[in-house]
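# Fold and contact review
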Amino acid sequence: MNNNPLNYTDPSGHKLCNYEKGQSCVTENTFQKTELNHKKHTVESKYSINISGSWDQDELDQLDNALLKAGDSAGGFNNIINLIFGGNNDDDNQELTFINALGPQARNMCGGGKSANACWLEKSNSIVIGDEVFTPAYQNKMRRPKEIGLYANLPLGIQTTINHEIGHAVESGIPFLLISYNLSVDNNKAFGGSSRESFANAFAFYIVSDNASYPGYQDQFNFISKLLK
Ligand SMILES: [Zn+2]
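Residues numbered from 1 in each chain as written. Predicted model: local features only at pLDDT ≥ 70, side-chain atom pairs only at ≥ 80, totals over all residues.

### Focus on the sheet that holds strand β5 (residues 118–121)
Across the sheet, which stays open at both edges, the four strands sit in the order β3-β4-β6-β5 with mixed pairing between neighbours. Looking along the sheet, the strands with just one partner apiece sit at the ends: β3 (50–53) and β5. Pairs of neighbouring strands in the sheet enclose a mean axial angle of 20°, with direction left out of account. As paired elements, strand β4 (residues 97–101) and strand β6 (residues 126–130) share five bridges and run parallel to each other. Within β6, the residue paired with Ala 101 across the bridge is Gly 130. Each of β5 and β6 touches helix α6 (residues 157–173); the most contacted strand, β5, lies at about 20° to it. (Pairing = 2+ DSSP bridges. Helix = DSSP H or I, 4+ residues; strand = E, 2+ residues; numbered from the N terminus. Axes fitted to C-alpha atoms, helices over the stretch in contact; angles between N-to-C directions. Contact = placed C-beta atoms within 7 Å.)

If you want it as structure tokens, here you go:
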């Protein structure tokens, strides 16, 4: 698949052609669908995941970036997959699915809460990401908290949200993980209203900040660091 639009000419004004590859001309719509499918399959095979729902090119790039960061922190994304499914040999469906849904649909899938823009669905091994997560407004809202100093102004909302949900997936895949987290850290609610949310945020913050350790939160980040090693 050739991604360079300069290689395509448009003699009729309505169709895109790739003479170099001997392909027949296609409508722009068909061409874009083909490119989108290609990108989707590339990301799916790169991380051994399943992608469904209404993703566009930019959103697929954002997902790709978030998973790349997660993989960088764990010595490869396959190690994250192993954490999620490693202890679940009786589970037939061992594929992680990322679903992009429109706002109302995402909130519905995620239990109906007004702020439910994304969630982990354990029964279907799926992570739902609502369309709102990809808007600039959400990016700004989700700037990382001031505790993380150096990285506080980086607009990493999408990566934080995707990796937060992956954190939930990892937590649900490892027996007694939260108990272990509660015993290992001095403040098990440092990053969220509950131990579970705090763990998911610590997991995401560790990944999006390139494994930085923040003053005052070393034990949270040491815990994630050991988990991903
Ligand atoms: Zn959460």
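### Considerations on the confidence of the model for the protein chain
Low pLDDT means the predicted coordinates in that region are not meant to be read closely. On average, residues of the protein chain score 84 in pLDDT, and 81% of them are at 70 or above. Here residues 1–6 is a poorly scored stretch, pLDDT under 50, and it has five contacts once near neighbours within four places are set aside; other chains count. (pLDDT = per-residue confidence, 0-100.)

### Brief notes about the pairing of β4
The buried count for β4 comes to four of five residues, which makes it a mostly enclosed element. In this structure, β3 lies alongside β4, joined through four bridges in parallel fashion. Pairing of Ser 52 across the sheet is with Ile 99, part of β4. (Buried ≥ 20, exposed ≤ 12 C-beta atoms within 10 Å, placed from the backbone.)

### Some points on the nonpolar core
Nonpolar side chains in soluble globular proteins tend to end up buried together. Among the nonpolar cores identified, the biggest contains 44 residues, and Ala 70, Ile 80, Ile 127, Val 128 and Phe 203 are the most heavily contacted of them. Residue assignment for this core shows that the elements contributing at least two residues are α2 (57–74), α3 (77–85), β4, β5, β6, α6, α8 (195–208) and α9 (218–228). Sort the elements by how many residues they give to this core and α8 lands first, with nine residues. If sequence neighbours within four positions are ignored, Ile 80 has contacts with Ala 70, Gly 71, Ala 74, Ile 166 and Val 170. (Core = buried A, V, L, I, M, F, W, Y, C linked by C-beta atoms within 7 Å.)

### A closer look at the environment of Ile 207
Locating Ile 207 in the fold gives a position in helix α8. When near neighbours in sequence (up to four residues on either side) are disregarded, Ile 207 contacts Lys 69, Ala 70, Ser 73 and Asn 163.

### Here's the deal with the packing of helix α7 (residues 177–184) against α8
At their nearest, the axes of α7 and α8 sit 10 Å apart, and the two run at 85° to each other. In terms of orientation, α7 lies roughly perpendicular with respect to α8. Contacts from Leu 178, Tyr 181 and Asn 182 of α7 reach α8 at Ser 195, Arg 196 and Phe 199. The residue inventory of the contact of α7 with α8, partitioned by class, reads three nonpolar, two polar and one charged. (Parallel < 35°, antiparallel > 145°, perpendicular 65-115°, else oblique. Nonpolar A, V, L, I, M, F, W, Y, C, P; charged D, E, K, R; others polar.)

### Thoughts on unusual backbone geometry
Look at Asn 125: it is not a glycine, yet its phi comes out positive at around 50°. The residue Asn 125 is located in the loop between β5 and β6 in this model. In this model, Phe 176 sits at a positive phi of 65°, which is unusual for a non-glycine residue. Checked against the element boundaries, Phe 176 lands in the loop between α6 and α7. According to the C-beta neighbour criterion, Phe 176 is exposed, with 9 such atoms within 10 Å.

### Considering α9
Within α9, burial applies to Gln 220, Phe 223, Ile 224 and Leu 227. Buried positions in α9, seen along its axis, are confined to an arc of 95° and lie on one side of it. (Arc of directions from axis to C-beta.)

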